[in-house]
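Architecture at a glance
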Amino acid sequence: RADFLNDRDRGTVWGVTDRRTYTRRPGEPISHELDEDVLFMLPTVQYFTAAPFRIGEAPIVRYAGTEEIDGATYDRVYVTWGSVAANCRYDQYVVYIDPGTRYIAKMFYTVREQFRFISGAVHYDDYRRVGRFVLPFSQIITAQVNDDDPVHHIRLESVSLQVAPVADLDGEPPRRF
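Procedures and definitions
- Along each chain, numbering runs from 1 in the same order as the chain's sequence is written.
- Thresholds applied to this predicted model are a pLDDT of at least 70 for local features of residues and 80 or more for the giving and counting of side-chain atom pairs; totals over whole chains, interfaces and linings are not thresholded and use all residues.
- Heavy atoms throughout the structure, all of them, feed into the side-chain values; hydrogens and water do not.
- Counting from the N terminus, the helices are the DSSP runs of H or I reaching at least four residues and the strands are the DSSP runs of E reaching at least two.
- Burial classes follow relative accessibility: with a 1.4 Å probe on protein chains only, a residue under 20% of its type's maximum area counts as buried, one over 50% as exposed, and anything between as partly exposed.
- Residues are treated as being in contact if the distance between any of their heavy atoms lies within 4.5 Å.
- Method for areas: the Shrake-Rupley scheme with a 1.4 Å probe, in which residue coverage is limited to the protein chains shown.
- Two joining distances apply to patches: 9 Å for like charges and 5 Å for nonpolar side chains (Val, Leu, Ile, Met, Phe, Trp, Tyr), and every residue must have over 30% relative accessible area and no salt bridge.
- Salt bridge, as applied in this entry: a Lys or Arg side-chain nitrogen positioned within 4 Å of an Asp or Glu carboxyl oxygen.
- Take the buried residues of types Ala, Val, Leu, Ile, Met, Phe, Trp, Tyr and Cys, join any two whose side-chain atoms come within 4.5 Å, and each joined set is a nonpolar core.
- Computed over the protein atoms alone on a 1 Å grid, cavities are sets of points where a 1.4 Å probe fits but cannot get out and pockets are open sets with protein on both sides within 12 Å along at least five of seven lines; a residue lines them when it has an atom within 4 Å of a point.
- Grid points are joined across faces, edges and corners, and a volume is the space filled by probe spheres set on the points.
- Each pair of strands is called paired provided DSSP finds at least two bridges between the two strands.
- Orientation is described by axes fitted as lines to C-alpha atoms, over the contacting stretch for helices, and by angles from 0 to 180 degrees between their N-to-C directions.

To continue, consider the overall build of the protein chain. Looking only at helices and strands, the protein chain has one helix and ten strands in total. In the protein chain, the order of α-helices and β-strands from amino to carboxyl end is β-β-β-α-β-β-β-β-β-β-β. For the protein chain, with 177 residues in total, the buried portion stands at 35%. Of the contacts made within the protein chain by residues no fewer than 6 positions apart, 29% connect residues no fewer than 24 positions apart. Accessible surface computed for the protein chain: about 11700 Å², of which carbon and sulfur atoms make up 51%.

Put into structure tokens, the structure is as follows:
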């Protein structure tokens, strides 16, 4: 669920439950009509926010040296599942780690689930502590890791983490990242 806090959309709520969307605009009742924007954007925000935590679950991790981008040097790590070679079942990632903070600064990724040829990059910034976690409150999506032209800019203003009891998973294990 996302509660909008920016001036233009303040009071708007987006939610997704079992791939069904709901929205509420200020002063209006909840709508359960399918909203494709909500169905795409809300899981996307969750995906990019969780990526720095979930990427460590990958069984294939290879150090790929350092790379300088715009005067900053990053440690690069190649991460994937299935096989080291690119495959259509799993995405591949090149993670750019800031050697000073040890946080992920950038991440190049493939999107194999829907399109076998799509790739992009996310640029993480403005890390803040939320409970026991440190989250990137700024996530800029670009076509390439050295690109300054944003496709999307995800800005989190406030985060409330809620943990679902294991019983709420209905016996299903968490899906792979």
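Now that the structure is up, let's keep going.
In this section: the environment of Y22. Structurally, Y22 is set in strand 3 (residues 20-24). Of the residues examined, Y22 reaches a relative accessible area of 21% and is grouped as partly exposed. Residues Y22 and L34, twelve residues apart in the sequence, show an inter-C-alpha distance of 7.3 Å. Apart from residues lying up to four places away in sequence, Y22 is in contact with R1, V13, W14, G15, V16, T17, I30, S31 and H32.

A word on a nonpolar patch on the surface. Taken together, the side chains of F53, F133 and L161 make up a nonpolar region of the molecular surface, amounting to roughly 260 Å² of accessible area. By the element assignment, F53 lies in helix 1 (residues 36-54). Residue F53 is classed as partly exposed on the basis of its relative accessible area of 38%.

Residues F48, I55, V79, Y93, V95, M107 and Y124 are the most contacted members of the largest nonpolar core, which totals 22 residues. Listing elements by their share of this core, those giving two or more residues are helix 1, strand 5 (72-80), strand 6 (92-97), strand 7 (104-111), strand 8 (118-130) and strand 9 (133-142). Setting aside residues up to four positions removed in sequence, F48 forms contacts with Y109, V122, Y124, Q139, I141 and I154. Core analysis: the next-biggest nonpolar cluster, separate from the first, contains eight residues, Y74, Y78, V94 and V145 among them.

What follows concerns the layout of surface pockets. Quantified by volume, the second largest pocket comes out at close to 220 Å³. Lining the second largest pocket are 14 residues, and of these P52, F53, I55, R102 and I104 lie nearest its centre. Secondary-structure elements contributing two or more residues to the lining of the second largest pocket are helix 1, strand 5 and strand 6.

Paired through backbone hydrogen bonds, the strands of a sheet run either parallel or antiparallel to each other. Spatial strand order, 1-2-3: three strands in an open sheet with antiparallel pairing. The sheet is open, and its two edges are formed by strand 1 (2-3) and strand 3, each paired on a single side. Examined bridge by bridge, strand 2 (residues 13-17) and strand 3 share five bridges and lie antiparallel to one another. Paired with V13 across the two strands is R24, which belongs to strand 3. Along the sheet face, helix 1 touches strand 1, strand 2 and strand 3 and points at about 80° away from the line of strand 2.

Interpretation note: all reported values are geometric properties and have no functional meaning in isolation.
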